[in-house]
Amino acid sequence: MSKPVTIVMIEDDEGHARLIERNIRRSGVNNDIVPFTNGTEAVSYLFGAGSRHKGDALLILLDLNLPDMTGIDILRRVKEDRHLKCAPVVVLTTTDDSQEIKRCYELGCNVYITKPVNYESFANAIRQLGLFFSVIQVPHAAP
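Residues numbered from 1 in each chain as written. Predicted model: local features only at pLDDT ≥ 70, side-chain atom pairs only at ≥ 80, totals over all residues. Heavy atoms only, no water.

**Q** Sorry, what's going on with the packing of helix α3 (residues 71-80) against helix α4 (residues 98-107) here?
**A** Where α3 contacts α4, the axes come no closer than 9 Å and their chain directions differ by 20°. The angle between α3 and α4 places the two elements in the roughly parallel class. α3 and α4 meet at a crossing whose hand is left-handed. Touching I72, L75, R76 and K79 of α3 are E100, R103, C104 and L107, all from α4. Residues of the contact of α3 with α4, tallied by class, amount to four nonpolar, no polar and four charged. (Axes fitted to C-alpha atoms, helices over the stretch in contact; angles between N-to-C directions. Helix = DSSP H or I, 4+ residues; strand = E, 2+ residues; numbered from the N terminus. Parallel < 35°, antiparallel > 145°, perpendicular 65-115°, else oblique. Left-handed = near helix turned anticlockwise from the far one by under 90°. Contact = heavy atoms within 4.5 Å. Nonpolar A, V, L, I, M, F, W, Y, C, P; charged D, E, K, R; others polar.)

**Q** Got a minute to help me understand the pairing of strand β1 (residues 6-10) in this structure?
**A** Among the five residues that make up β1, five are buried, leaving the element largely enclosed by the rest of the structure. Every second residue of β1 is oriented toward a common face, with T6, V8 and I10 on one face and I7 and M9 on the other, all of them buried. Two strands pair when backbone bridges link them, and β1 and strand β3 (residues 58-62) are joined in this way by five bridges, in the parallel orientation. By the bridge assignment for β3, T6 is matched with L58. In terms of strand pairing, β1 meets strand β2 (residues 33-36) through four bridges, oriented parallel. (Buried < 20%, exposed > 50% of the residue type's maximum accessible area, 1.4 Å probe, protein only. Pairing = 2+ DSSP bridges.)

**Q** Can you walk me through the nonpolar core in this structure?
**A** In globular proteins that are soluble, nonpolar side chains generally tend to be buried together. I10, L46, I60, I74, V78 and C104 are the most contacted members of the largest nonpolar core, which has 24 residues in total. Sorting the residues of this core by element identifies β1, α2 (39-47), β3, α3 and β4 (89-93) as the ones contributing at least two each. (Core = buried A, V, L, I, M, F, W, Y, C linked by side-chain atoms within 4.5 Å.)

**Q** Is there a simple way to explain the packing of aromatic side chains in this structure?
**A** By convention here, two paired aromatic rings are described through the distance between centres and the angle between planes. Taken as a whole and judged by the stated rule, the model has one aromatic pair. Aromatic pair F36 and Y45: ring centres 5.2 Å apart, planes at 45°, arrangement tilted. Stacked on the ring of F47, the Lys or Arg R77 has its end atom at 4.3 Å from the ring centre. (Phe/Tyr/Trp six-rings, centres within 6.5 Å; stacked < 30°, edge-to-face > 60°. Lys NZ or Arg CZ within 6 Å of the ring centre and 35° of its normal.)

**Q** So what exactly am I meant to see when it comes to the sheet that holds strand β5 (residues 111-114) here?
**A** Adjacent strands of a sheet pair through backbone hydrogen bonds, lying either parallel or antiparallel. Pairing is parallel in the open sheet, where five strands are placed in the order β2-β1-β3-β4-β5. In the strand order of this sheet, the two ends are held by β2 and β5, each with one partner. Each adjacent strand pair in this sheet contributes to an overall mean axis angle of 15°, direction not counted. Bridge count between β3 and β4: three bridges; the pairing is parallel. Bridging from a neighbouring strand, L61 pairs with V90 of β4.

**Q** Where do I start with a negative patch on the surface in this structure?
**A** On the surface, a cluster of negative charge is contributed by D12, D13, E14, E41 and D68. Looking at the element boundaries, D68 is found in the loop between β3 and α3. Judged by relative accessible area, D68 falls into the partly exposed class, the value being 33%. (Patch = residues over 30% accessible without salt bridge, like charges linked within 9 Å, V, L, I, M, F, W, Y side chains within 5 Å. Areas by Shrake-Rupley, 256 points an atom, 1.4 Å probe, with all protein chains shown as cover. Salt bridge = Lys/Arg side-chain N within 4 Å of Asp/Glu carboxyl O. Lys, Arg positive; Asp, Glu negative; His and termini not counted. Charge placed at Lys NZ, Arg CZ, Asp CG, Glu CD.)

**Q** Would you explain α2 in this entry?
**A** Turn by turn, an α-helix covers 3.6 residues, leaving residues three or four places apart pointing in a common direction. Those residues of α2 that fall on the buried side of the exposure criterion are G39, A42, V43, L46 and F47. Taken down its axis, α2 places every buried residue within 105° of arc, on the same side. In the core, the buried residues of α2 are packed alongside β1, β2, β3 and α3. At the N-terminal boundary of α2, the capping side chain belongs to N38, with an oxygen 3.1 Å from the backbone nitrogen of T40. (Arc of directions from axis to C-beta. Polar contact = N/O pair within 3.5 Å; in protein donor to acceptor, adjacent residues only side chain to side chain.)

Have a look at this one:
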């Protein structure tokens, strides 16, 4: 039996992170969520020596605006990495610039969602994302 998909959430706004997790749970998704509030720790988890998740199925929720590096840099590294390149990356950010959206898709993001400003709209968008998570198939990372 294969292990369930682990959701790696890279989000520096703790309020957004709580809202994301709460509404993913409300949609019925009970997968492990591994949260990171900065890019450095997330990169260490994803690429560090002895990473324990090698071979696991990961789904990455990625904010672009992080305090220590850009989400674009993380996206690029994930999609260039032989172990992680098939991991779905959902960009979830306040940035709605069309050039930035295009750039993310060109680098291989699978879904780009602009965070709604309104609380209820944001919560609803995350619940719908959770429903999406419950039906998609995610490949295991290459060992």
